[in-house]
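Residues per chain are reported as follows:
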Amino acid sequence: MHRYFFTTKDTFINSGSDQITGEDFKDKNVGQDEVLELKKVFFDRAFHHPTRILVQFNVTDIENYISASVLPNDYKVNLRLYETEGTSGLTEEYKVAAYPLSQEWDEGVGKESDVPKTTDGCSWLYRKNREGASEIEWATPGGAYIAGDEVTQSFSSESPDINMDITTVAKKWFDGTNTNYCLILRLSGSRETSSGSF
C-alpha cells in the first residue's frame, strides 16, 4: 500500500552570485518557483557554488494516517522528487544527503526569474526575511540541520529521481525527539564543493 503526501512548502537556496553582473544570490528567495534545483554551478569550467533544497510536509497528517491505518511495524516513509525534463544524462557516481532542519523557515514569494531578485523569504543567509522586519539568520549559513540524523541515496549512472528512505528521520518527528522543521537536501560531504561535476 502506498500513500502520497505533498509538500506544504518548498524552495531551494543558492550560495553563489552571477558571474557576469556580480549580483549576490545568498539572500535571494525562490519559494514560489516551480522547480527545485539541487546542483553545482560552474563558470568557465571552474566550480563556483552549490544549491540546496528545503522541503516541508505536514507531519501530523502523515502520523495520523499511520495511526489510523493497519500498517506493519516496519513501514517506510520515502521522499520522492523527480528530475525535470531535459536535465538527465549524469554519468558520475554521487550521493544526495537529507537532514532534518533544526530551525523553522519561511518559504517566501520569489521565483528564479524575478528581476530584481526577491529577498522576501528564506535564502542561503536568512531563514526568515520579511519586508519591513529584520532578517533572521540561519545559525549556520546554508541552513541549520542535525548532521547526526543524515539519510542518503547513492546514484551511479542512473536516473537522478530521488526515492530516499527517510523513515528514521520521520519517526523522530513522530515521537517528539526532533521538532518538525522538515528537510534540507544537499550533495553529500565534500562532493558539494569539489571541482568534479558531482
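Here, every reference points to the structure presented above.
Let me begin by describing the structure that accompanies this report. (Residues numbered from 1 in each chain as written. Predicted model: local features only at pLDDT ≥ 70, side-chain atom pairs only at ≥ 80, totals over all residues. Heavy atoms only, no water.)

Brief notes about the overall build of the protein chain
No. 1: Scanning the protein chain from terminus to terminus reveals two helices and 10 strands.
No. 2: Listing every helix and strand of the protein chain by position from the N terminus yields β-β-β-α-β-β-β-β-β-β-α-β.
No. 3: For a compact globule of 198 residues, the expected C-alpha radius of gyration is about 16 Å, and the protein chain comes in at 17 Å, within 12% of that figure.
No. 4: Counting only C-alpha atoms, the protein chain reaches 55 × 45 × 30 Å along its principal axes.
No. 5: Out of the 198 residues in the protein chain, the part that is buried amounts to 42%.
No. 6: Long-range pairs, those at least 24 residues apart, make up 73% of the contacts in the protein chain between residues at least 6 apart in sequence.
No. 7: Charge centroids of the protein chain, computed over 20 positive and 32 negative side chains, lie 4 Å from each other. (Helix = DSSP H or I, 4+ residues; strand = E, 2+ residues; numbered from the N terminus. Rg over C-alpha atoms; globule rule 2.2 N^0.38 Å. Buried < 20%, exposed > 50% of the residue type's maximum accessible area, 1.4 Å probe, protein only. Contact = heavy atoms within 4.5 Å. Lys, Arg positive; Asp, Glu negative; His and termini not counted. Charge placed at Lys NZ, Arg CZ, Asp CG, Glu CD.)

Quick notes on the packing of aromatic side chains
No. 1: Under the definition given, this model contains four aromatic pairs.
No. 2: Judged by centre distance (5.8 Å) and plane angle (75 degrees), the ring pair of Phe-42 and Phe-47 falls under edge-to-face.
No. 3: Measuring from ring centre to ring centre gives 4.8 Å for Tyr-94 and Phe-155, while their planes differ by 10 degrees; the resulting arrangement is stacked. Of the two residues, Tyr-94 sits in strand β5 (residues 93-100) while Phe-155 sits in strand β8 (residues 151-156), which places them 61 residues apart along the sequence. You'll find Tyr-94 and Phe-155 in the same group, each marked buried.
No. 4: Above the ring of Tyr-75, the side-chain terminus of Lys-171 is found at 4.8 Å from the ring centroid. (Phe/Tyr/Trp six-rings, centres within 6.5 Å; stacked < 30°, edge-to-face > 60°. Lys NZ or Arg CZ within 6 Å of the ring centre and 35° of its normal.)

Focus on unusual backbone geometry
No. 1: Residue Val-115 is joined to Pro-116 through a cis peptide bond whose omega torsion reads 0 degrees.
No. 2: Relative to the helices and strands, Pro-116 is located in the loop between β5 and β6 (126-128).
No. 3: For Asp-44, which is not a glycine, the phi torsion comes out positive at approximately 55 degrees.
No. 4: Here Asp-44 shows up in the loop between β2 (40-43) and β3 (46-56).
No. 5: The phi dihedral of Arg-45 is positive, around 70 degrees, even though this residue is not glycine.
No. 6: Looking at the secondary structure, you find Arg-45 in the loop between β2 and β3.
No. 7: Given the relative accessible area of 84%, Arg-45 is considered exposed.

Some words on the pattern of salt bridges
No. 1: Overall, the coordinates contain 11 salt bridges when judged by the stated rule.
No. 2: Between Lys-26 and Asp-24 there is a salt bridge, and its shortest N-O distance comes to 3.7 Å.
No. 3: Classification of Asp-24 by relative accessible area gives partly exposed; the value is 31%.
No. 4: Among the charged side chains, a network of salt bridges with common partners joins Arg-52, Arg-186 and Glu-192. (Salt bridge = Lys/Arg side-chain N within 4 Å of Asp/Glu carboxyl O.)

Some points on the side chain of Thr-118
No. 1: The topology assignment puts Thr-118 in the loop between β5 and β6.
No. 2: Among the polar contacts made by the side chain of Thr-118, one reaches the side chain of Asp-114 at a distance of 2.6 Å.
No. 3: If near-sequence neighbours (up to four positions away) are discounted, Thr-118 is found in contact with Asp-27, Lys-28, Asn-29, Val-109 and Gly-110. (Polar contact = N/O pair within 3.5 Å; in protein donor to acceptor, adjacent residues only side chain to side chain.)

As for the pairing of β5
No. 1: With six of eight residues buried, β5 lies mostly within the body of the structure.
No. 2: Sheet topology places β5 next to strand β10 (residues 183-187); five bridges connect them, and they run antiparallel. Note on β10: the bridge partner recorded for Tyr-99 is Ile-184. (Pairing = 2+ DSSP bridges.)

In short, geometric facts, not functional conclusions.
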